[in-house]
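# A structural walkthrough
For reference, the chains in residue letters:
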Amino acid sequence: MTAAPDPFDVIVVGAGPAGSAAALAVARAGLRVALLERGPFPGSKNMYGGVIYGRVLDQVIPNWWDEIPIQRWITRRGTMILTPTQSLCLDFRSQTWAGPPYNGATALRPDFDAWLAAKAEAAGSVLVTSTVATDVVRDPSGRVVGVVTDRPDPATGASTSALRARVVIACDGVNSFIAKAAGLYPGASEQAEHTTLGVKEVLRLPRESIEQRFNLTGREGADFEVVGCTMDVPGGGFLYTNLDTISVGVVLHLPGLAASKHRPEEILAGFKAHPSIAPFVAGGEIVEYSAHLIPEGGYDQIPTLAGDGLLVAGDAAGLCLAAGVWLEGVNFAIGSGLAAGATAVEAIRSGDTTAARGLAGYRARLEANFVLADHKKLRRVPEFLLSGRAQFQYPQLTCDVVEDLFTVRNPAPKQGIARLAWKSARRSRVRLRDLARDGWTAIRSYG
Amino acid sequence: MTNDSSRTWPRVSFDDRMGTVEFRVSPTPHIVVDGDSCRGCSTRACVTACPANLFVPTSDGGIVFNYEQCFECGTCYLVCDTEGAISWSYPEGGHGVVFHAS
Ligand SMILES: Cc1cc2nc3c(=O)[nH]c(=O)nc-3n(C[C@H](O)[C@H](O)[C@H](O)COP(=O)(O)OP(=O)(O)OC[C@H]3O[C@@H](n4cnc5c(N)ncnc54)[C@H](O)[C@@H]3O)c2cc1C
Ligand code: SF4
Ligand code: SF4
């Protein structure tokens, strides 16, 4: 041993939820960890819907709800189906969610990501902001032994510098260049097929107006997920309440958007103008416009999760769960980040950081908890949800059945639901064979 | 949703919309578009899909691109299927888009 020892055992790339959770796990175990973030502060590059489901933090930060920087606690959840002139909403409310241990909360990412990164720092992680990891460093055997950063090297004067460690954990989000550079993404050329673009407006409204419009008191909050509101592009919409702003946005499947004549802000404007949405957002002044990709491929698109000296977590590993009634990425990022951190610690202690042995426990850990269990159960959902039937035919069919049911046609007698459904199915050209198959997929996935 | 243009078009201008976003612009572009490669492109997918509307077709079949107001989302390189048209990377550390309210 001649060279000075590396200053860090682990390098985590990206201080989003996955990265800060991974760094927290490593630092708490007493190992030395650097947390690299390309933005000027954690959260500065990140946008989402968004609601954070904190249950995953129970074991890690007891009573997290006393300190997490939230906007509102979700007590009202709506799932909406829209057609241009109709809407159907399953509107659920639970006061159980208004107090500890809570269920979900709206939060802004610059607040939340900075809070979680500060937890990692308090445990001993070294947070390095304004620094891009541009590539991995490998030893002659191909094992990853660090990253190249865009910070100048004080020793040589070069414009980049290398930072070495025993394990690198890539938590660099949906574009995932570190995992791609390490060759863990053979299917990268098809990524657009499994990716959606989210665009969102944060609109300022007086706090009282938000509470009146959404029927809320105190810190209660509402969350609406919407399908059938994205013109000719498969996708969905969302509407969330913050304290004195609301977040309204659409999520658009990239191939459909690329082929469409409609631009993202135009589709969002159409969503906001829908008679069921407009009264909620009317008069709101745009505070910030934002855009970000979502990996929606689910279980079948998850890359190889470990290479020699390298683990991948969060969106970088495609672990965001986008399954219609559920859009959960932050909790999956935290869950996988914690597992990656724990695996890295074990591997370093055992002296073996190869993918085949020391780091092999990572996938097993994820299979044993919600991260891969939920993805496996819901593996058929992403393809179904972005299909033409789920996007265009079924919303129309469902709304037509309900409209028929509630339209009074005296003196004609009322018709049974089965007959109305049959008529609507014929009108919207739904094939019974498809309906039966999709019904079966739904039962197997959500049942 | 409807063809009534007063309803489908945003009430704020696109410039005002982008004016709500902070960009700490780097002196060096992080994305470079090779306008020549674009001449043979029939999809023009980037023109519709880029949420910041940074790809502008020119009358002679090329594309003019400005990197300053970019969300760094990745949509453009994912939808573009012309090899070599887009060289994409993140801006140098600390530069580019900075979200505050999302
Ligand atoms: C429109 C939209 C709505 C969503 N709604 C919800 C929701 O309501 N609830 C929910 O739970 N999830 C939601 N998600 C998903 C959720 O945002 C993601 O799953 C989650 O942020 C993933 O966390 P992450 O840490 O893996 O990645 P990210 O949050 O993307 O963090 C990655 C970090 O790495 C940094 N980075 C990237 N590359 C480098 C590099 N080379 N060097 C240094 N730093 C780098 C980035 O700056 C960033 O801080 C939504 C997403 C979108 C886009
Ligand atoms: S950037 Fe790609 S998609 Fe856009 S015009 Fe050029 S070749 Fe076509
Ligand atoms: S990264 Fe996103 S915002 Fe930037 S140019 Fe490409 S599509 Fe437009």
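Everything below is about the structure printed above this text.
All of the points below concern the structure found in this document. Starting from 1, residues in each chain are numbered consecutively following that chain's sequence as written. Ligands are numbered from 1 and chains lettered from A, in the order in which they are written. Given that the model is predicted, a residue must reach a pLDDT of at least 70 before its local features are reported, and side-chain atom pairs must reach 80 or more before they are shown or counted; all residues, however, enter totals for whole chains, interfaces and linings. Here the side-chain values reflect all heavy atoms present in the structure, with hydrogen atoms and water set aside.

A word on the overall build of chain B. Each helix and strand in chain B was counted, giving five helices and six strands. Helices and strands appear in chain B in the N-to-C order α-α-β-β-α-α-β-β-α-β-β. Over its C-alpha atoms, taken along the principal directions, chain B stretches across nearly 40 × 35 × 20 Å. The proportion of buried residues among the 102 residues of chain B is 51%. The contact definition used throughout considers only heavy atoms, calling two residues in contact when any of these lie within 4.5 Å. Contacts in chain B between residues at least 24 apart in sequence constitute 63% of all its contacts with a sequence separation of at least 6. For chain B, the computed accessible surface area is about 4900 Å², with 49% contributed by carbon and sulfur atoms. A run of H or I in DSSP becomes a helix once it reaches four residues, and a run of E becomes a strand once it reaches two; helices and strands are each numbered from the N terminus. With a 1.4 Å probe rolled over the protein chains alone, any residue whose accessible area is under 20% of its type maximum counts as buried; one over 50% counts as exposed, and the rest are partly exposed. All accessible-area figures derive from a Shrake-Rupley calculation using a 1.4 Å probe, and residue coverage is judged against the displayed protein chains alone.

Another aspect to go through is the overall build of chain A. Per the secondary structure count, chain A includes 14 helices and 20 strands. Note on method: radius of gyration uses C-alpha positions; expected globular size equals 2.2 Å times residues raised to 0.38. Relative to the 2.2 N^0.38 estimate, which gives 22 Å for 447 residues, the radius of gyration of chain A is 24 Å and therefore close to what a compact globule would have. If you line up chain A on its principal axes, its C-alpha atoms span 95 × 50 × 40 Å. Expressed as a percentage of its 447 residues, the buried residues of chain A come to 59%. Restricting the contact set of chain A to residue pairs at least 6 apart, pairs at least 24 apart contribute 71%. Here chain A has roughly 18000 Å² of accessible surface; of this, 56% comes from carbon and sulfur atoms. Lys and Arg are tallied as positive, Asp and Glu as negative. Neither His nor the chain termini are counted. The location of each charge is read from NZ of Lys, CZ of Arg, CG of Asp or CD of Glu. Charged side chains in chain A number 45 positive and 44 negative. The centres of these two groups are separated by 6 Å.

Attention shifts here to the site of ligand 3. Being near a molecule or strand, for a residue, means having at least one of its heavy atoms within 4 Å of it. Neighbouring ligand 3 are 14 residues, the closest being Cys50, Cys70, Phe71, Cys73 and Cys76 of chain B. Of the residues contributing to the shell around ligand 3, the split by class is 11 nonpolar, two polar and one charged. Polar here means any residue other than Ala, Val, Leu, Ile, Met, Phe, Trp, Tyr, Cys and Pro, which are nonpolar, and Asp, Glu, Lys and Arg, which are charged; Gly is therefore polar.

Let's shift gears to the nonpolar core. Residues and elements named next belong to chain A. Membership of the largest hydrophobic core comes to 84 residues, with the highest contact counts inside it found for Val10, Val12, Phe112, Ile169 and Ile334. Ranked by residues supplied to this core, first place goes to helix α8 (residues 330-350) with 11 residues. Contacts of Ile169, omitting those with residues within four sequence positions, involve Val10, Ile11, Val12, Val13, Ala22, Leu311, Ala340, Gly341 and Ala344. To qualify as a nonpolar core, a set must consist of buried Ala, Val, Leu, Ile, Met, Phe, Trp, Tyr and Cys residues joined through side-chain atoms within 4.5 Å.

Between chain B and chain A, the contact holds 42 residues from the first and 57 residues from the second. Buried surface at the junction of chain B and chain A, summed over both partners, amounts to about 4000 Å²; 59% is from carbon and sulfur atoms. Salt-bridge detection follows one rule: a side-chain nitrogen of Lys or Arg within 4 Å of a carboxyl oxygen of Asp or Glu. Applying the counting rule to chain B against chain A returns three salt bridges. For the salt bridge of Glu72 of chain B with Arg38 of chain A, the shortest nitrogen-to-oxygen distance reads 2.7 Å. Whenever a nitrogen or oxygen atom comes within 3.5 Å of another N or O atom, the pair is scored as a polar contact, on the condition that within protein one atom can donate a hydrogen and the other can accept it, and that pairs from neighbouring residues in sequence are kept only if both atoms are in side chains. Counting across the chain B and chain A interface gives 20 residue pairs in polar contact (both at pLDDT 80 or more). Where the side of chain B that touches chain A is concerned, the elements lending two or more residues are α1 (5-8), α2 (14-18), α4 (45-49), α5 (75-79) and β6 (96-98) of chain B. Of the residues that constitute the side of chain B that touches chain A, the class distribution is 25 nonpolar, 12 polar and five charged. A simple way to read buried area is as the amount of 1.4 Å-probe accessible surface that goes missing from two parts once joined, with both sides added.

In this section: the pairing of strand β8 (residues 133-138) of chain A. Strands qualify as paired when DSSP identifies two bridges or more between them. As defined by bridge partners, β8 of chain A adjoins strand β9 (residues 144-149) of chain A across five bridges and the pair is classed as antiparallel. In the strand pairing of β9 of chain A, Val137 of chain A is matched with Gly146 of chain A.

On to the side chain of Asn46 of chain A, then. Position of Asn46 of chain A among the secondary structure elements: in the loop between β2 (33-36) and β3 (51-53). For Asn46 of chain A, the side chain forms a polar contact with the side chain of Asp113 of chain A, separated by 2.8 Å. Excluding residues that lie within four positions of it along the chain, Asn46 of chain A makes contacts with Gly16, Arg109, Asp113 and His292 of chain A together with Phe99 of chain B.

With that settled, consider the sheet that holds strand β18 (residues 310-312) of chain A. All names here are of chain A. Strand order in the open sheet formed by six strands is β7-β2-β1-β11-β18-β17, and the pairing between neighbours is mixed. What marks the edges here is a single partner per strand, and that holds for β7 (126-128) and β17 (306-307). Interaxial angles span 0 to 180 degrees and are taken between N-to-C directions of axes, which are lines fitted to C-alpha atoms, for helices over the stretch in contact. Running over the sheet, helix α1 (residues 17-28) touches β1 (10-13), β2 and β11 (167-170) and is turned about 170° from β2.

In short, shape yes, function no, at least from these values alone.
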